[in-house]
Every structure is written in structure tokens, then in C-alpha cells.
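The residues making up each chain are set out below.
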Amino acid sequence: MKDVVVLPGPSSIELGSSIASCLNVDAVEVELRTFSDGESKIRINANLLDKKCIVVQSTYPPVDSHFLQALMMLSYCNDFGASEVIPVIPYMGYARQDRVFLEGEFVTMSMIAKLFEYFGTRSLITVDIHSTKALSYFNCDISNISSMPLLAKYAINNFSLTEPIIVSPDLGGVPRAKEFAGIMNASFLGLRKNRDRFTGNITMDEKLDITIKNRDIVILDDMVSSGGTILRAVDILKNNGCGKVFVMCVHALSDEKSITLLKSSGINEIVSTNSIPRSCSKVDLSSEIARTLSSILSRS
Ligand code: R5P
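Residues numbered from 1 in each chain as written. Predicted model: local features only at pLDDT ≥ 70, side-chain atom pairs only at ≥ 80, totals over all residues. Heavy atoms only, no water.

Caption draft 1: Structural detail: the sheet that holds strand β16 (residues 281-283). With parallel pairing, the six strands of this open sheet are ordered in space as β10-β9-β13-β14-β15-β16. A single partner strand is all that each edge strand has here, and the edge strands are β10 (187-190) and β16. With direction set aside, neighbouring strand axes in the sheet form an average angle of 35°. As judged from the four bridges shared by strand β9 (residues 165-168) and β10, these two strands associate in the parallel manner. Residue pairing in the sheet places serine 168 in a bridge with glycine 190 of β10. On top of the sheet, helix α5 (residues 148-158) reaches β13 (217-224), β14 (245-252), β15 (269-273) and β16; it is set at about 150° to β14, its chief contact. Here helix α7 (residues 228-239) sits on the sheet and contacts β9, β13 and β14; the angle it forms with β13, its principal contact strand, is near 165°. (Pairing = 2+ DSSP bridges. Helix = DSSP H or I, 4+ residues; strand = E, 2+ residues; numbered from the N terminus. Axes fitted to C-alpha atoms, helices over the stretch in contact; angles between N-to-C directions. Contact = heavy atoms within 4.5 Å.)

Caption draft 2: Fine view of unusual backbone geometry. Of note, the bond from proline 61 into proline 62 is cis; its omega dihedral lies within 30 degrees of zero at 0°. Within the fold, proline 62 resides in the loop between β5 (52-56) and α2 (63-79). The phi dihedral of aspartate 50 falls on the positive side, at around 65°, and the residue is not glycine. Note that aspartate 50 resides in the loop between β4 (40-44) and β5. Overall, aspartate 50 belongs to the exposed group, its relative accessible area being 51%. Phi is positive for asparagine 214, which is not a glycine, with a value near 60°. Note that asparagine 214 resides in the loop between β12 (202-204) and β13. (Buried < 20%, exposed > 50% of the residue type's maximum accessible area, 1.4 Å probe, protein only.)

Next comes the structure, spelled out in C-alpha cells:
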């Protein structure tokens, strides 16, 4: 590992540094200046010649700036002679734009995958990317880490649950909820959500497939953004007489104000991973990411 360094990008300073500690390698400082017009400029004051560089940058809001900073770091590593560059993008923005929903739309995820290819990416790590469709646009060796075992372990150790049901707020999330429920030895339920592609409005089928009366709920989603999906789900579950409601997600995209608002809507606790640094990011991904990196590095 002597020739390996981690570059914790501006969006992932803590997580990147923690990954470097797990790997027992140096973390290289990436300085960021943001100009008054919004442009980013990065500065890396280290010799990267013949180094294997691990660039850690989660692409949460401001998504475009964080993406561009990631590409700047990849470009820098290539230009200054790195022998290998491995991007770690814990939250992969744009993965929800994985297909054409309305005529005239464009598959942005495909373009993003091509940009990584352009910068010579051979291996990339992400965490619970939104869909397998999004994954399919990458031609490199992509490791899509599942955080379900870590989130389930957290729930087992920290939530006091009576006859829990793991709920996915939409059918797309059912495989994740099934994995999570399997680890917890709990039942699971998929809600039927529909989003109007023009207005963004969410509707959900009020009729549930199982009885949830007095049973505690863990709502599990890959991401919480506006919070609209969770609020609608909580409403329906409460109307059906459930017990306590906990929310777990991989990526907490919402800002702190929205997280506080969500908490006050009858939710006992919200917990996410630290793919995005938020007050609810209690599940640490660093050792799992470091484990995946070690296996990639041992092959190269
Ligand atoms: C949708 O398919 C995702 O899995 C999430 O349910 C959704 O993106 C959450 O967004 P919001 O919090 O804005 O409803």
C-alpha cells in the first residue's frame, strides 16, 4: 500500500480521511476555492507520480459542482502521472435519470458514465446506486456496495421494535427492503407509489397487502430528497394503525431544515449512512469501502 494515497474531495473530507485511516495510507489535501461566479478551482500540493490515487467525492447537492470537482481531481491525477485512479462516488448523482420517461428527455446517467470513461476510469466504487439500469451504463469494473447489512445492524442494535415490518415506499425499492428484512428476520411490505412525470406529484395506493396494526415500521429508501415520498408513506402507514415509525435511507440528500421538519411529522428517528454528511448520518461506510478498495488494489 506504499504507493497508494487517498484524495478526500471537497464533498467527502471526513469520509475520505476515514477511508485513508482504514487503509493505513496517506490522505492528500485537496484545496477548494469557489469564485463569486460559482466556479470551483482545486489545488493539490502533492507529488502523485506513479501513485495509485483514490478520489473520494460524493455528488450530493450542489450536484453539478461536486461532479465537476470529481472530474477535475481525476484529470489532475492523470495529468500528474498517477499510475491508477479509482473514483469512489458514495452517492452517485443523476442515477435517477437512468431512462427516458417523457419524449424529448435525455439519459443523463449514460453521459456521466461516459465522462468517467473519458478520464480513463477502469474501476469505480459507489454505494447503493439508485437502479441496476443506472449501473448498466458503466463500461468499467464498478463495485456497487450494498449498505443494507450495515443499516440493518444499526436498526437491530439501536431501535426497539415490536413485530417490525420493513417498508419500501415504492416497488423499485423492494429488492433492497427484502435484503434488509432478511437480515432482520422481519416481514416486508412494498407500497405502490406513482409520481406524475410532469408535476412531480406523488400518489400512493392506500390499500396495503398486509395488516400492520400496532406493528412497528422501518421505512427504507435509497434516498430522501424533498421528503415527499416519506411523508406520504408515513401518512398511509399511520392511517392503517401502525406502531412506531423509523426511517432509514442510504443517502440523506435533504438539507438539515427538511430533516428537522421530517422528524416532527411523527417519525421516531431518521438514520442514514455517511455517504452524505448530515446530522442523521450515523452509519459509517468507511470500513466497507476500504475493504472493497483493498480487494481492487490487490488485483491491480
Ligand atoms: C425514488 O424512486 C427514490 O427511490 C426515492 O423514493 C425518491 O427519490 C425520494 O425523493 P423525495 O424525498 O423527493 O420524495
